[in-house]
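Residue-level structural notes
So the chains spell out like this:
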Amino acid sequence: MITAPQLRAARALLGIDQRRLAELAGVSLPTIQRMEASDGTVRGVVGTLTKVVDALDAAGVELIGNDQPSQGRGRGVRLKEPPAA
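Residues numbered from 1 in each chain as written. Predicted model: local features only at pLDDT ≥ 70, side-chain atom pairs only at ≥ 80, totals over all residues. Heavy atoms only, no water.

1. Things to note about the overall build of the protein chain
In terms of regular secondary structure, the protein chain is built from four helices and zero strands. The C-alpha atoms of the protein chain give 13 Å as radius of gyration, which agrees with the globular expectation for 85 residues (12 Å, within 12%). Each principal axis of the C-alpha atoms in the protein chain carries an extent, and together these give about 40 × 30 × 20 Å. Within the span of the protein chain, comprising 85 residues, buried residues form 26% of the whole. Partitioning the contacts of the protein chain with sequence separation of at least 6, the portion at a separation of at least 24 is 51%. Accessible surface computed for the protein chain: about 6,200 Å², of which carbon and sulfur atoms make up 52%. (Helix = DSSP H or I, 4+ residues; strand = E, 2+ residues; numbered from the N terminus. Rg over C-alpha atoms; globule rule 2.2 N^0.38 Å. Buried < 20%, exposed > 50% of the residue type's maximum accessible area, 1.4 Å probe, protein only. Contact = heavy atoms within 4.5 Å. Areas by Shrake-Rupley, 256 points an atom, 1.4 Å probe, with all protein chains shown as cover.)

Have a look at this one:
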């Protein structure tokens, strides 16, 4: 699963805009806009989500799920859990 903030961060790491991601993934610009406007986990057609994730992967971004180790090498960022209140 991918979250809207992850999707925006992945684009930022690649230095691409929403239009370019849509082109790379073979989906429409409004689709990317809807995904990034989602609250929390991005919802949508599984095939479309797969296209976007595959495009990010091919461009060099590894999406890391919660409690999953990174499989790749290289620089990156990861969002920490907020401290307990």
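Here the narrative resumes.
2. Regarding the environment of A84
Its place among the elements puts A84 in the segment after α4 (46-59). C-alpha of A84 to C-alpha of Q33: the two residues are 51 residues apart in sequence and 32 Å apart in space.

3. Quick word on the pattern of salt bridges
Applying the stated rule across the entire model yields two salt bridges. Taking the shortest distance from any N to any O, the salt bridge between E23 and R20 comes out at 3.2 Å. Of this pair, E23 and R20 both sit in helix α2 (residues 18-25), three residues apart, which is roughly one turn of that helix. We classify R20 as partly exposed; its relative accessible area is 39%. (Salt bridge = Lys/Arg side-chain N within 4 Å of Asp/Glu carboxyl O.)

4. Some details on the UniProt feature "domain: HTH cro/C1-type" (unreviewed entry) in the protein chain
The UniProt record marks residues 7-36 with the feature "domain: HTH cro/C1-type" (unreviewed entry), using the residue numbering of this structure. Strand forms 0% of residues 7-36 and helix 80%; the C-alpha atoms that close the span are 7 Å apart. (UniProt positions renumbered as here; feature names shortened; annotations may be inferred.)

5. Here we look at the confidence of the model for the protein chain
Here the protein chain shows a mean pLDDT of 87. Residues at 70 or above account for 91%. Taking the mean pLDDT of every element in the protein chain, the minimum, 92, falls on helix α1 (residues 4-14) and the maximum, 98, on α2. (pLDDT = per-residue confidence, 0-100.)

6. Some words on the packing of α2 against helix α3 (residues 29-37)
For the pair α2 and α3, the least separation of the axes is 8 Å and the interaxial angle reads 115°. Taken together, the axes of α2 and α3 lie roughly perpendicular to each other. As for how α2 packs across α3, the hand of that crossing is right-handed. On the side of α2, the interface is formed by Q18, R19, L21 and A22, while α3 contributes L29, I32, Q33 and E36. Of the residues contributing to the contact of α2 with α3, the split by class is four nonpolar, two polar and two charged. (Axes fitted to C-alpha atoms, helices over the stretch in contact; angles between N-to-C directions. Parallel < 35°, antiparallel > 145°, perpendicular 65-115°, else oblique. Left-handed = near helix turned anticlockwise from the far one by under 90°. Nonpolar A, V, L, I, M, F, W, Y, C, P; charged D, E, K, R; others polar.)

7. Quick look at the environment of V53
Locating V53 in the fold gives a position in helix α4. Overall, the relative accessible area of 31% leaves V53 in the partly exposed class. The spacing of V53 and I2 is 51 residues in sequence and 8.2 Å in space, taken between C-alpha atoms.

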